[in-house]
Amino acid sequence: MSKITTIVGISFAIYFLVGLATTLTKSMMIGFVDVLPVYILMVIAIIMMIYEAFFDKK
């Protein structure tokens with residue numbers, strides 16, 4: 001049950017972060033180069049979240 005809850009929680013957080021980043025690209029005044037740091041930070045946050053949830057068991 002704990003793994004299922006973790007997977008559901010992480011998937012909701014990933015959907016939120018990706019949706020947040022993609023709304024920036026919908027504007028005509030903002031180019032891809034302007035949004036690239038946001039995408040990089042989102043990927044780093046998602047990787048850290050997955051690592052913390054599954055691999056960092058001390």
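A brief report on the enclosed structure follows. Given the structure is predicted, the values throughout are model-derived calculations rather than measurements.

## So, the environment of Ile50
- Assignment of secondary structure puts Ile50 in helix α2 (residues 32–55).
- Linking Ile50 and Val33, residues 17 residues apart in sequence, is a C-alpha distance of 26 Å.
- Leaving out residues up to four positions away in the same chain, Ile50 has contacts with Ile10, Ile14 and Phe55.

## Thoughts on the packing of helix α1 (residues 2–24) against α2
- Two elements in contact, α1 and α2, have axes whose closest approach is 10 Å; the angle formed by their N-to-C orientations is 175°. Between α1 and α2, the interaxial angle falls into the category roughly antiparallel. In contact with Lys3, Thr6, Ile7, Ile10, Ala13, Ile14, Leu17, Val18, Leu20, Ala21, Thr22 and Leu24 of α1, α2 contributes Val35, Val38, Tyr39, Met42, Ala45, Ile46, Met49, Ile50, Ala53 and Phe54.
- Classifying every residue of the contact of α1 with α2 gives 19 nonpolar, 2 polar and 1 charged.

Parameters at a glance
- Along each chain, numbering runs from 1 in the same order as the chain's sequence is written.
- Residue-level local features of this predicted model are given only where pLDDT is at least 70; pairs of side-chain atoms are given and counted only at 80 or more, and the full residue set underlies all totals for whole chains, interfaces and linings.
- Each side-chain value is worked out from all heavy atoms of the structure, with water and hydrogens disregarded.
- Counting from the N terminus, the helices are the DSSP runs of H or I reaching at least four residues and the strands are the DSSP runs of E reaching at least two.
- Between two residues, a contact is recorded if the distance between any of their heavy atoms is within 4.5 Å.
- Interaxial angle, 0 to 180 degrees, is taken between N-to-C directions of lines fitted to C-alpha atoms, where a helix line uses only the stretch in contact.
- Comment on the angle field: the value is read as roughly parallel under 35 degrees, roughly antiparallel over 145, roughly perpendicular from 65 to 115, and oblique elsewhere.
- Residue classes follow a fixed rule: Ala, Val, Leu, Ile, Met, Phe, Trp, Tyr, Cys and Pro count as nonpolar, while Asp, Glu, Lys and Arg count as charged, and any other residue, Gly among them, counts as polar.

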